[in-house]
Amino acid sequence: MDVAALTLLIIAILALAFLIVLRSSKKEAKIKPLPASYKQILLDNVLFYQRLDDEGKKNFENRVERFLSTIIITGAGTTVEDIDRVLIGASAIIPIYAFPHWEYSNLDEVILYPETFNEQFEIQGNNRSVLGMVGDGPMQRTMILSQAALREGFSNKTDKNNTAIHEFVHLLDKTDGATDGIPEILLQHKYVLPWVEMMHKNIDSILKNKSDINPYGATNQAEFFAVVSEYFFERPHLLESKHPDLYAMLSMMFAKKNI
Ligand SMILES: [Zn+2]
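Just so it is clear, the model here is predicted, and its values are computed rather than measured.

Draft legend 1. Region of interest: the pairing of strand β4 (residues 142–146). Burial of β4 is extensive: four of the five residues sit out of reach of the surface. Bridge count between strand β2 (residues 109–113) and β4: five bridges; the pairing is parallel. Following the sheet pairing, Val110 is matched in β4 by Met143. With three bridges joining them, strand β3 (residues 132–134) and β4 adopt antiparallel strand pairing. In the strand pairing of β4, Gly132 is matched with Leu145.

Below you can see the structure in the form of structure tokens.
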């Protein structure tokens, strides 16, 4: 290599290094600290956050802040309060906490309804049983949540339910194109078959009334995965003692650390 080529190479490397530094400093500058009142809401309501060490809490806060600055949250017939924003952010981050660079590229907006709604998003009328859903068709990239169910999910510490976490797990599942209970992004290929067998064995037990898993999980594989993930994040120790195989598989998928 002659001197001119070497000089060019050095200039190119320096320019590249400069660009990398510039990009990363821009990225860091984007993250504002979470307001102190939001941190207090996390501390008062979110068990997952309470159990993190100081550094973990900081990471969690940054990710909630980043989520809230990129996703629109709208109230439909209700007012979105700070606690709703924080709980939605926490529900989004809990399932993906172990993956620092994960962001929900398939979501733009969360719409909050006061209570339950039906599949046509009507608040009045019969069949008002839906607590949350991930939209399809024209509602693609939208999540609908019941404000009451969102808050209940975090206020009840002894059940195994958390509607918002359930819906974010559906979004994770959907990342590979199919909401089918097989989150290919979280599951190495060799574990797909054992996981499917495990799901079916447990769905059978639910149908035979021999399981403590929410019966809604027997609807199909996607619902089973979302329901058992709620159980995993809400009552990890109970799941570990009652269903060690499910616990081990979900721990692997969610790369569980220090929960
Ligand atoms: Zn569901």
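Draft legend 2. Local environment of the sheet that holds β2. Pairing is mixed in the open sheet, where four strands are placed in the order β1-β2-β4-β3. At either margin of the open sheet sits one strand with a lone partner, and together these are β1 (72–75) and β3. Between one strand and the next, the sheet's axes are offset by a mean angle of 15°, whatever the strand orientation. Its contacts with the sheet put helix α7 (residues 163–174) on β3 and β4, and the angle it makes with β3 is roughly 15°.

Draft legend 3. Seen up close, the environment of Leu107. Mapping Leu107 onto the fold places it in the loop between α5 (82–93) and β2. On the basis of neighbour counts, which here come to 22 C-beta atoms within 10 Å, the residue Leu107 falls in the buried class. C-alpha separation for the pair Leu107 and Gly135, spaced 28 residues apart in sequence, amounts to 9.6 Å. In this structure, Leu107 is in contact with Ile71, Arg141, Met143 and Leu171, ignoring residues within four places of it in sequence.

Draft legend 4. A look at the pairing of β1. Two strands pair when backbone bridges link them, and β1 and β2 are joined in this way by four bridges, in the parallel orientation. Paired with Thr74 across the bridge in β2 is Ile111. In this region the chain leaves β1, passes through α5 and returns to the parallel neighbour β2; the handedness of that crossover is left-handed.

Conventions and cut-offs
- Along every chain, residues carry numbers that run from 1 in the direction the sequence is written.
- Residue-level local features of this predicted model are given only where pLDDT is at least 70; pairs of side-chain atoms are given and counted only at 80 or more, and the full residue set underlies all totals for whole chains, interfaces and linings.
- For every residue, the other C-beta atoms within 10 Å of its own C-beta are counted; 20 or more classify it as buried, 12 or fewer as exposed, and values in between as partly exposed. C-beta atoms are placed from the backbone.
- Strands are runs of DSSP state E lasting at least 2 residues, helices are runs of H or I lasting at least 4, and numbering of each runs from the N terminus.
- One bridge is not enough; two strands pair if DSSP finds at least two bridges between them.
- Axis angles are defined between N-to-C directions and span 0 to 180 degrees, where every axis is a line fitted to C-alpha atoms and, for a helix, only to the segment in contact.
- A pair of residues counts as a contact when their C-beta atoms, built from backbone coordinates, are within 7 Å of each other.
- For a crossover, the right-handed case is the one in which the path from the first strand over the helix to the second runs clockwise, viewed with the strands pointing away from the viewer.

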